[in-house]
Amino acid sequence: MSHAKTDGSDGTHPSDPTRHEAPGDDVFVDTQQVIAHAIPSNVNRRIFLMRTAVGGAAAVMTGCSPSPEDRTAKAVATSAPAQAPAAAPSAPPLAADLNVVQKEKGPVMTTVDEFYKVGPGPSSSHTIGPMRITYDFYQRAIKLPADQLATATKLQVNLFGSLSATGKGHGTERASLAGLIGNEPATVDPKFLDGLRDKPDQVFPVKLGSKTIDVSLKDVIYDATKGDFKHPNTMTVKLLAGDKVLLEQEYYSVGGGFIEWKGYTPPKKNQPKYPFATMKELRGHAEANKTTIAKIILANEMSITGKSEADVYAWVDKVINAMVATVKSGLAMPEDDVLPGPIKLHSKAATVYKRAMDDKYQADRGIGVLSAYALAASEENGRGHLVITAPTGGSAGVMPALVYGLVEVRKVPHQKIREGMLAAAAIGYLCKHHATLSAAEGGCQAEIGVASSMAAALTATAFDAESHVVENAAESALEHHLGMTCDPVAGYVQVPCIERCAFGAVKAWTAYAIASNEIASRHRVDFDATVMALAQTAKDMNSKYKETSEAGLAQSVVLC
Ligand code: SF4
């Protein structure tokens with residue numbers, strides 16, 4: 001059965017289906033007819049359309065009904081001249097006082113074994129970095145002349161800035177002590193750190209030459225939180241003989257587990273085969289050589305480090321395996337597990353996974369399992385267990401979620417996962433090169449934002465997307481984290497961090513889905529511009545939102 005249309009959609013007047021007025025009589029005339037013929041070439045189309053519409057509306061209100069020609073003439077008279085399409089805005093200048101920005105010059109020289117690090121959570125800058133620092137100091141101390149070591153009486157660590165402000169929540173003192181007594185982050189038994197938490201009074205003998213010194217958590221001092229520090233994550237380590245300083249070093253945990261020290265100069269490396277400092281240059285190499293971003297990164301890794309392809313992939317495989325393992329161990333934890341710390345946060349990974357696998361909720365399964373994988377790895381981080389910096393500990397749920405899903409569910413060939421890991425690393429390198437990976441410098445956009453961007457590049461590469469799609473996916477994921485602040489409740493990397501990893505993983509997938517369904521050249525924001533925005537936003541962000549727990553959720557959430 002059909003009904004005659006009376007709403008005007010068939011071209012007749014709504015109040016009288018039989019009436020067909022001449023355009024000049026009708027203030028509701030189809031403007032497309034007028035516009036198609038009447039937009040002069042020398043006026044701004046948008047302003048012209050607005051003026052025409054305003055003229056029509058005024059006619060309705062006043063009862064005055066000028067002809068379309070009159071309305072067109074009036075709109076032309078009041079419209080701005082047409083202009084050439086606006087050029088894309090140039091990227092804002094780099095923030096001159098952004099710590100990392102100042103130091104990174106020339107081509108990207110970061111390598112995968114520096115970038116992906118395995119160590120104890122929950123924060124690469126507050127646990128892995130400090131542990132690497134005290135381990136580094138321990139290695140320096142044992143090289144002192146024997147007669148000096150024979151006089152040593154004390155080892156002392158002082159934590160400053162953000163390390164002091166939120167270090168207690170991260171277990172920075174335990175990580176620092178573990179390194180000081182000779183433990184390496186990648187191989188430390190998480191149970192050792194759990195033991196330090198449960199029995200904080202333990203004393204450990206440290207052998208320095210012929211001398212043995214007892215150290216305990218009391219030797220790690222939470223010092224000034226505010227001051228004129230070279231980096232927000234500053235710490236000093238000293239070896240003392242009574243009041244006399246035998247050795248002292250000021251260190252900086254600069255994010256992602258990277259460490260530097262006063263007078264630091266980057267290690268000497270070979271030149272990359274394909275030098276690049278921007279995504280434009282990196283993609284240019286890939287396109288000029290008819291290859292992929294991942295293959296360019298592999299060639300650079302080999303030329304910078306002198307390693308073979310097999311050696312590069314051996315490290316990448318370790319990281320992939322560690323990511324899969326962290327998701328597995330997180331999913332295996334009981335549903336009602338309570339994470340360490342004052343929040344008494346119950347783990348959610350196992351529950352979210354169980355529901356996602358319930359056939360009643362099959363339509364939600366994709367997002368459900370991806371979220372569960374991210375929660376699982378992130379909760380492991382919250383427990384202080386081993387995590388992988390990708391790029392940091394706080395964001396340690398994002399990349400593993402995508403890796404686990406691609407490996408275990410999508411059964412993507414292993415070689416594609418390896419290549420995805422290299423493309424993801426390139427994203428992290430560029431963010432580190434021009435902006436920061438440290439929440440103390442850039443807030444959470446530098447952690448979860450970069451992780452999500454990396455995961456989007458991983459996914460696109462694993463599914464054989466062309467370089468431009470890889471770039472667009474990474475750009476999109478980063479873009480939609482810009483401005484995200486870091487405000488961990490009670491200084492613990494749990495709220496908002498754990499759920500934020502799940503959102504970062506889902507956004508990575510969304511970014512890939514969008515990028516792989518658009519014409520790549522039509523994507524209007526390039527990755528380099530978004531990295532510049534990340535740097536600028538990091539510079540402008542109030543320090544209260546940079547891992548200090550002085551604002552945001554850290555202040556508005558009241559723990560009972
Ligand atoms: S809020 Fe984000 S940046 Fe801050 S600790 Fe948590 S995960 Fe890291």
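It should be noted that the structure appears before, not after, this text.
Residues numbered from 1 in each chain as written. Predicted model: local features only at pLDDT ≥ 70, side-chain atom pairs only at ≥ 80, totals over all residues. Heavy atoms only, no water.

We now examine the overall build of the chain. In terms of helices and strands, the chain carries 23 helices and nine strands. Counting all 560 residues of the chain, 53% fall into the buried class. Across the chain, every contact between residues at least 6 apart in sequence was considered, and the portion connecting residues at least 24 apart equals 77%. Within the structure as shown, the chain displays about 25,100 Å² of accessible surface, and the carbon and sulfur contribution to it stands at 55%. (Helix = DSSP H or I, 4+ residues; strand = E, 2+ residues; numbered from the N terminus. Buried < 20%, exposed > 50% of the residue type's maximum accessible area, 1.4 Å probe, protein only. Contact = heavy atoms within 4.5 Å. Areas by Shrake-Rupley, 256 points an atom, 1.4 Å probe, with all protein chains shown as cover.)

Between helix H9 (residues 172-180) and helix H10 (residues 190-198), the least distance of the axes is 10 Å, while the angle of their chain directions is 125°. Classed by the angle they form, the pair H9 and H10 counts as oblique. Considering how the two elements wind past one another, H9 and H10 form a crossing that is right-handed. Of the residues in H10, those in contact with Arg174, Ala175, Leu177 and Ala178 of H9 are Phe192, Leu193, Leu196 and Arg197. For the contact of H9 with H10, the class distribution of residues is six nonpolar, no polar and two charged. (Axes fitted to C-alpha atoms, helices over the stretch in contact; angles between N-to-C directions. Parallel < 35°, antiparallel > 145°, perpendicular 65-115°, else oblique. Left-handed = near helix turned anticlockwise from the far one by under 90°. Nonpolar A, V, L, I, M, F, W, Y, C, P; charged D, E, K, R; others polar.)

Moving on: the nonpolar core. Counting 103 residues, the largest nonpolar core has Tyr116, Met399 and Met421 as the members making the most contacts within it. Here this core takes 11 residues from helix H17 (residues 414-434), the largest share from any one element. If we ignore the near neighbours within four places in the chain, the residues touching Met399 are Tyr116, Met323, Ala390, Met421, Ala424, Ala451, Met454, Ala455 and Leu458. Ala152, Leu196, Val220 and Ala241 belong to the second-largest nonpolar core, a separate cluster that totals 35 residues. (Core = buried A, V, L, I, M, F, W, Y, C linked by side-chain atoms within 4.5 Å.)

With that settled, consider the site of the ligand. Taken together, Gly394, Ala439, Cys444, Glu447, Cys486, Asp487, Pro496, Cys497 and Arg500 are the residues near the ligand. Looking at the shell around the ligand residue by residue, the classes come out as five nonpolar, one polar and three charged. (Near = heavy atom within 4 Å.)

For the structure shown, the criterion picks out 20 salt bridges. Residue Lys416 pairs with Asp464 through a salt bridge whose shortest N-O separation is 2.9 Å. Of this pair, Lys416 sits in helix H17 while Asp464 is found in the loop between helix H19 (448-462) and helix H20 (467-479), placing the two residues 48 residues apart along the sequence. A single network of salt bridges, built from pairs that share partners, joins Lys295, Lys416, Glu419 and Asp464. (Salt bridge = Lys/Arg side-chain N within 4 Å of Asp/Glu carboxyl O.)

Once that is clear, we can look at the sheet that holds strand S6 (residues 234-241). Spatial strand order, S5-S2-S6-S7-S8: five strands in an open sheet with mixed pairing. Pairing within the sheet leaves two strands with one partner each, and these edge strands are strand S5 (220-222) and strand S8 (258-261). Direction aside, neighbouring strands of the sheet carry axes that sit 25° apart on average. Across three bridges, strand S2 (residues 154-159) lies against S5 in parallel orientation. When the sheet's bridge partners are listed, Leu159 is paired in S5 with Tyr222. Helix H8 (residues 161-170) contacts S2, S5 and S6 of the sheet and is inclined by roughly 110° relative to S5. (Pairing = 2+ DSSP bridges.)

Everything listed here is a matter of geometry and, on its own, says nothing about what the molecule does.
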